[in-house]
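In case you want the letters, here they are:
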Amino acid sequence: MKRLKYLSILLLPITVYISFTSNGWLTLLPVIVFFGFVPLLELFFQPDKSNFSKEQEAYEKEQSIYSAILYLMIPIQLIFLGYFLFSIQDTTLTNLDLIGRVSAMGLLCGVIGINVGHELGHRNNRIDEFLGEILLLTSLNTHFLPYHNGGHHYNVATPNDAATARKNELLYIFWIRSHFMSYFQAWQLENKRMKENNRSWFHLQNRMVVYSFANIILLGTIFYFFGEFVLLAFISAAIIGILLLETVNYIEHYGLLREKNKHGRYERVKRTHSWNSDHVIGKVMLFNLSRHSDHHYNGSKHYQLLKSLPESPQMPTGYPGMMLLSLIPPLWFSFMNKKLQQITS
């Protein structure tokens, strides 16, 4: 039964369904639950630092239920995207209704579209990676995979990484720098791969070329069948999902830097180069994403196996609460810079 705890993520589509079928403040229910109730509840639960033993880890690695839960997210995301495109056409919707439904879809884009897409994109088989690409496409963030796997994991905690926030960097500046720099570097990585294989950059083996066509086809299809207003609503939801991703990126590595050795090379990635959180609710609902140090230590390790590591710097609360704190830069800098000083002194 403990394996089924990851099904708690179903609370998100349930609240989104209420948003899509309601009016007024109820359309904001997903935001209220995940950025109101969840951060509040996490203050009352002790962090769970327990890990599997080696024997348990070997056993749990083979349990298909963990992957089945991820696969379940794919039809949920696609069905809700279609439902959103139809529901947002209602001409009787008020501005509050529109904001609520767009933000609800945006949460799905970030939590399921990007986060589950990220997990599947790390799997060492083409089918899972393809399913991850579909999820990322629903958030217009397909460039995430080539940059994340080939750039972020290699350059994390260095100035070369788009997704590592520098000390005293404003979240709102980071959003722009991280997103567009990672997009540019995804092209660089794929173009370099094509050159090494003696192929033109404009080749169907170049994932960025394929992703670009896929994004254009998706946007064109939505425009053709639903019109300009629905297209803009979808783009707005995708942007919210992307901003959620970039906010998570911001809090995961804020201010952490790898040292250079005498040859000018950065030290290998250690478990001290990511901020971790073992707070139960956010951890489970995000498929252990907050055990981020172990993820960077072994990017292909499945989410259920990620460990809590005592040497990793710890956040005082879960991801939802830390994301809210990051939106207020003076409070964020005041709190996190002290934490940085403590772990580097």
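- Looking at an unreviewed UniProt entry, one finds the protein named Alkane 1-monooxygenase, with Pseudotenacibaculum haliotis as its source organism.
- As its UniProt record puts it under Sequence similarities (unreviewed entry), the protein is described as follows: "Belongs to the fatty acid desaturase type 1 family. AlkB subfamily."
- Recorded in UniProt under Subcellular location (unreviewed entry), the annotation for the protein is "Cell inner membrane".

**Observations regarding the overall build of the protein**
- Counting its secondary structure elements, the protein contains 14 helices and zero strands.
- Order of helices (α) and strands (β) in the protein, N terminus to C terminus: α-α-α-α-α-α-α-α-α-α-α-α-α-α.
- For the protein, the C-alpha radius of gyration of 20 Å lies close to 20 Å, the compact-globule estimate for 345 residues.
- With the C-alpha coordinates of the protein rotated into their principal frame, the extents come out at 65 × 55 × 45 Å.
- When burial is assessed residue by residue, the protein has 53% of its 345 residues classed as buried.
- In the protein, the proportion of contacts linking residues at least 24 apart, taken out of those at least 6 apart, comes to 70%.

**Observations concerning the pattern of salt bridges**
- Per the stated rule, a full pass over the model turns up 14 salt bridges.
- Its salt-bridge partner being Arg291, residue Asp278 comes within 3.0 Å of it at the nearest N-O pair. Of the two residues, Asp278 sits in the loop between α10 (228-253) and α11 (280-285) while Arg291 sits in the loop between α11 and α12 (292-297), which places them 13 residues apart along the sequence. Considered together, Asp278 and Arg291 belong to a single accessibility category, that of buried residues.

**As for the environment of Tyr71**
- Turning to its location among the elements, Tyr71 is positioned in helix α4 (residues 65-87).
- Measuring from C-alpha to C-alpha, the distance between Tyr71 and Leu131 comes to 8.2 Å, with 60 residues separating the pair along the chain.
- Once you skip the residues sitting within four places of it in the chain, Tyr71 turns out to touch Leu120, Asp128 and Leu131.

**Overview of the packing of α4 against helix α5 (residues 95-121)**
- Orientation of α4 relative to α5, taken along the N-to-C sense of each, is 155°, at an axis distance of 10 Å. Put simply, α4 runs roughly antiparallel to α5. For the pair α4 and α5, the sense of crossing is left-handed. Where α4 approaches α5, its residues Leu70, Tyr71, Met73, Ile74, Ile76, Gln77, Phe80, Leu81, Phe84 and Ser87 are matched on the opposing element by Arg101, Val102, Met105, Leu108, Cys109, Ile112, Gly113, Val116, Glu119 and Leu120.
- By residue class, the composition of the contact of α4 with α5 is 15 nonpolar, three polar and two charged.

**Some details on α5**
- Along its 27 residues, α5 runs 36 Å from first to last C-alpha, staying within 8% of the 39 Å computed at 1.5 Å per residue.
- For α5, the principal kink sits at Cys109 and spans about 30°.
- With 24 of 27 residues buried, α5 is to be regarded as a mostly interior element.

**Description of the side chain of Ser293**
- As for its placement among the helices and strands, Ser293 is situated in helix α12.
- Owing to a relative accessible area of 0%, Ser293 belongs among the buried residues under this scheme.
- Looking at Ser293, its side chain comes within polar contact range of the side chain of Ser312, at 3.1 Å.
- In this structure Ser293 touches Arg271, Ser274, Asn276, Leu309 and Ser312, once residues within four positions along its chain are discounted.

**Brief notes about a nonpolar patch on the surface**
- Taken together, the side chains of Trp25, Ile32, Phe37, Leu40, Leu41, Leu43, Phe44 and Phe45 present a nonpolar region at the surface, about 900 Å² in accessible area.
- For Trp25, a relative accessible area of 54% translates into the label exposed.

**Points about the UniProt feature "transmembrane region" (unreviewed entry) in the protein**
- As recorded in UniProt, the sites labelled "transmembrane region" (unreviewed entry) are residues 28-45, 65-86, 98-118, 208-226 and 232-251.
- Note that residues 28-45 is 78% helix and 0% strand, and that its end C-alpha atoms are spaced 25 Å apart.
- With 100% helix and 0% strand, the stretch residues 232-251 has end C-alpha atoms that lie 29 Å from each other.

**Structural notes on the packing of helix α9 (residues 207-226) against α10**
- Axis separation between α9 and α10 bottoms out at 7 Å; the angle between their running directions is 140°. As judged from the angle between their axes, α9 and α10 are oblique. Where α9 abuts α10, its residues Leu218, Leu219, Ile222, Phe223 and Phe226 lie against Glu228, Val230, Leu231, Phe234 and Ile235.

Quick notes on the rules
- Residue numbers restart at each chain and count upward from 1, following the sequence in its written direction.
- Reporting in this predicted model follows two pLDDT cut-offs: at least 70 for local features of residues, and 80 or more for side-chain atom pairs to be given and counted; totals over whole chains, interfaces and linings ignore these cut-offs and use all residues.
- Hydrogens and water are ignored here; the side-chain numbers use all heavy atoms of the structure.
- UniProt positions are given in the numbering used here, feature names are shortened, and annotations may be inferred rather than shown by experiment.
- In this description a helix means any DSSP run of H or I spanning at least four residues, a strand means any run of E spanning at least two, and both kinds are numbered starting from the N terminus.
- The reference for a compact globule is 2.2 Å times residues^0.38; the radius of gyration itself is calculated from the C-alpha atoms.
- Relative accessible area decides the class of each residue, using a 1.4 Å probe on protein chains only: under 20% of the type maximum gives buried, over 50% gives exposed, and in between gives partly exposed.
- The contact criterion used throughout is that any non-hydrogen atoms of two residues lie within 4.5 Å.
- The salt bridge criterion pairs a side-chain nitrogen of Lys or Arg with a carboxyl oxygen of Asp or Glu, the two atoms within 4 Å.
- For helices, the fitted axis covers only the stretch in contact; all axes are lines through C-alpha atoms, and the angles between them, taken along N-to-C directions, range from 0 to 180 degrees.
- Angular relationships are summarised with four words: roughly parallel below 35 degrees, roughly antiparallel beyond 145, roughly perpendicular across 65 to 115, and oblique for the angles in between.
- When the near helix sits turned anticlockwise from the far one by under a right angle, the crossing is termed left-handed; a clockwise turn instead gives a right-handed crossing.
- Under the convention adopted here, Pro, Cys and the residues Ala, Val, Leu, Ile, Met, Phe, Trp and Tyr are nonpolar, Asp, Glu, Lys and Arg are charged, and Gly plus all remaining residues are polar.
- Expected helix span is given by 1.5 Å per residue-to-residue step, counting one fewer step than there are residues.
- Two axes define the bend at a residue: one fitted to the seven residues ending there, one fitted to the seven starting there, and the bend is the angle between them.
- We define a polar contact as two N or O atoms separated by no more than 3.5 Å, with the added condition that, inside protein, one atom must be a possible hydrogen donor and the other a possible acceptor, whereas residues neighbouring each other in sequence contribute only through side-chain atom pairs.
- Patch membership is restricted to residues that have no salt bridge and whose relative accessible area is over 30%. Joining uses 9 Å for like charges and 5 Å for the nonpolar side chains Val, Leu, Ile, Met, Phe, Trp and Tyr.
- To measure how exposed things are, a 1.4 Å probe is used in the Shrake-Rupley method; for residues, cover is taken only from the protein chains shown.

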